[in-house]
Amino acid sequence: METEKRPNYLYVFMTLAVFTLIETLVSYMREAVIKIPILVILAVVKAALVLLYFMHLKYDSKVFSYLFIAGCLLSIPLILVLVVVMPMIL
Amino acid sequence: MSETHPTAPVAQRENTKLAMWVFLGGEVVFFVSLILLIIFTRLTHTGYEAQFRSHLSIPVIALNTFILVTSSYFVVRSLEAISYKGDQKGLRTNMIMVIVLGLLFLGGQAFEWSELFAAGVNLSTIYGSPFFTVTGIHGTHVFVGILWAVYLLVGHQRMPFTKENHLGVENFGLYWHFVDIVWIVLFTIIYLI
């Protein structure tokens, strides 16, 4: 860690735990149109909290963030292949 | 992962952290390809989906998810103990909790797998094949993390971590949190949506 800034890890953990509970309850909803966006948003927020605070990307060198983003960008061709192939199969 | 010598230049010690992030960037691509495998199977075999999902126990896996998230909290507590206070006992206690919670997670996964096998879902079924592949590879990552934590706990007795030199704990934490993030995504895609 480059700086001495310390996030409150207990708050982050409690947020993650509460979000997990909300996700579980939302999963029992029948309306997929409402359910899926909520679950995707909650998962993205949870992953971002772990990355920013537990993995210190918020406070660390930006180089580490760029490396992680590079991995995400390299995954885009894989997703595009699925998007192109799916209509051919279905 | 080997710890660089405490007297090594800071830049050299930080290189191991850079290497860890390069590794994690590669892991992102690896796990995205596995997640796409799950999505592909779900979209191409919609008829089997309800049958497969009826065998999944959401409350058990939600509890398992909570266990893994809690283990991540103990990882940051162990890093905090050694990096801010130089607290060896705090590091050890929290690391033991990480190992116990990691084993509990694997136990929960073993229970889920045994229930699925009993219900006739195995590697040769349409949904079973990608499901066991992806959750199995994730579980293997958790197992490797547990071995790593045991190494940090036991193997570093002769050259203990200090307030100034704790990069081994930090690198382990990066790996463990990444495995946690992968599970957060898998939990949503496989079980909840």
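Below is a short write-up of the structure. (Residues numbered from 1 in each chain as written. Chains lettered and ligands numbered in written order. Predicted model: local features only at pLDDT ≥ 70, side-chain atom pairs only at ≥ 80, totals over all residues. Heavy atoms only, no water.)

### Side note on a nonpolar patch on the surface
Residues and elements named next belong to chain A. Basically, it comes down to this: Like charges within 9 Å and nonpolar side chains (Val, Leu, Ile, Met, Phe, Trp, Tyr) within 5 Å are joined into patches, using only residues over 30% in relative accessible area that form no salt bridge. Note on areas: Shrake-Rupley, 1.4 Å probe, and residue coverage restricted to the protein chains presented here. A carboxyl oxygen of Asp or Glu within 4 Å of a side-chain nitrogen of Lys or Arg is what we treat as a salt bridge. Segments assigned H or I by DSSP are reported as helices when at least four residues long, segments assigned E as strands when at least two residues long, and all are numbered from the N terminus. Three labels apply to residues, based on accessible area from a 1.4 Å probe with only protein chains included: buried if under 20% of the type maximum, exposed if over 50%, partly exposed otherwise in between.
Residues Y66, I69, L73, I76 and L80 make up a contiguous nonpolar surface patch of roughly 520 Å² in combined accessible area. Along the chain, I76 turns up in helix α3 (residues 62-89). Taking relative accessible area as the criterion, I76 reaches 40% and is therefore assigned partly exposed.

### Here's the deal with the environment of B:V150
All names here are of chain B. Stated formally: Whether two residues touch is decided by their heavy atoms; if any such pair falls within 4.5 Å, the residues are in contact.
Examined against the element boundaries, V150 turns out to sit in helix α5 (residues 128-155). Considered as a pair, V150 and V98 are 52 residues apart in the sequence and their alpha carbons are 9.6 Å apart. Once you skip the residues sitting within four places of it in the chain, V150 turns out to touch I99 and G155.

### Comments concerning the layout of surface pockets
Heads up, the condition is: Cavities and pockets are defined on a 1 Å grid built over the protein atoms alone: a cavity is a set of grid points where a 1.4 Å probe fits but cannot escape, while a pocket is an open set with protein on both sides within 12 Å along at least five of seven lines, and lining residues are those with an atom within 4 Å of any such point. Grid points are joined across faces, edges and corners, and a volume is the space filled by probe spheres set on the points. Residue type decides the class: Asp, Glu, Lys and Arg count as charged, Ala, Val, Leu, Ile, Met, Phe, Trp, Tyr, Cys and Pro as nonpolar, and the leftover types, Gly among them, as polar.
A volume near 760 Å³ is recorded for the largest pocket. A:V44, B:V32, B:I35, B:V185 and B:I189 are the residues nearest the centre of the largest pocket, which is lined by 24 residues in total. Counting only elements with at least two residues in the lining of the largest pocket, the list comes to α2 (32-54) and α3 of chain A together with α1 (10-44) and α6 (167-192) of chain B. Tallied by class, the residues present in the lining of the largest pocket amount to 21 nonpolar, two polar and one charged.

### Regarding the interface of chain A and chain B
This is how it is decided: Here the quantity called buried area is the accessible surface, traced with a 1.4 Å probe, that two parts lose on coming together, added over both.
Of the residues lining the interface, 43 residues belong to chain A; the matching set on chain B comes to 41 residues. Summed over both partners, the interface of chain A with chain B comes to about 3,800 Å²; 80% of that surface belongs to carbon and sulfur atoms. For the interface between chain A and chain B, the tally reads one salt bridge. Here B:K17 makes a salt bridge to A:D60, at a shortest N to O gap of 2.8 Å. With 14 residues, the single largest contributor to the side of chain A that touches chain B is α3(A).

### Brief notes about empty space enclosed by the protein
All names here are of chain B. Per the stated rule, a full pass over the model turns up two cavities of 30 Å³ or more. Taken as a whole, the largest cavity holds about 80 Å³ of empty space. Looking at the largest cavity, the residues that line it are I38, T41, R42, E49, F52, R53, Y127, P130, F131, I189 and I190. Those elements that place two or more of their residues in the lining of the largest cavity are α1, α2 (46-53), α5 and α6. Taken together, the residues of the lining of the largest cavity sort by class into seven nonpolar, one polar and three charged.

### Quick look at the environment of B:I181
Tracing the backbone through its elements, the reader meets B:I181 in helix α6. For B:I181 and B:V69, which are 112 residues apart along the polypeptide, the C-alpha to C-alpha distance reads 8.9 Å. Apart from residues no more than four positions distant in its own chain, B:I181 is found in contact with A:A47, A:V50, A:L51 and A:M55.

### Side note on the nonpolar core
For the record, the criterion: The set of buried Ala, Val, Leu, Ile, Met, Phe, Trp, Tyr and Cys residues whose side-chain atoms join them within 4.5 Å is what this entry labels a nonpolar core. Where a domain begins and ends is set by an automatic assignment or by a domain database.
Formed by 82 residues in total, the largest nonpolar core has its most connected members in A:F54, A:M55, B:W21, B:F172 and B:Y191. Taken together, the elements giving at least two residues each to this core come down to α1 (9-26), α2 and α3 of chain A together with α1, α3 (58-84), α4 (88-118), α5 and α6 of chain B. A per-element tally of this core places α6(B) first, with 17 residues. Residue assignment places this core across two domains, with domain 1 (1-59) and domain 2 (62-90) of chain A each supplying three or more. Sequence-distant contacts of B:W21, defined by excluding residues within four places in its chain, comprise A:L51, A:M55, A:L57, A:F64, A:L67, A:F68 and B:L174.

### Focus: the pattern of salt bridges
Taken as a whole, this structure holds three salt bridges over all chains when the rule is applied. Across the pair A:K46 and A:E23 runs a salt bridge whose closest N-O atoms are separated by 2.8 Å. Here A:K46 is found in helix α2, whereas its partner A:E23 is found in helix α1, with 23 residues between them in sequence. The class of A:K46 is buried, set by a relative accessible area of 0%. A salt bridge links B:E170 to B:K17; the nearest nitrogen and oxygen atoms lie 2.7 Å apart. With a gap of 153 residues between them, B:E170 in helix α6 and B:K17 in helix α1 connect regions that are remote in the sequence. In this structure, a network of salt bridges that share partners links the residues A:D60, B:K17 and B:E170.

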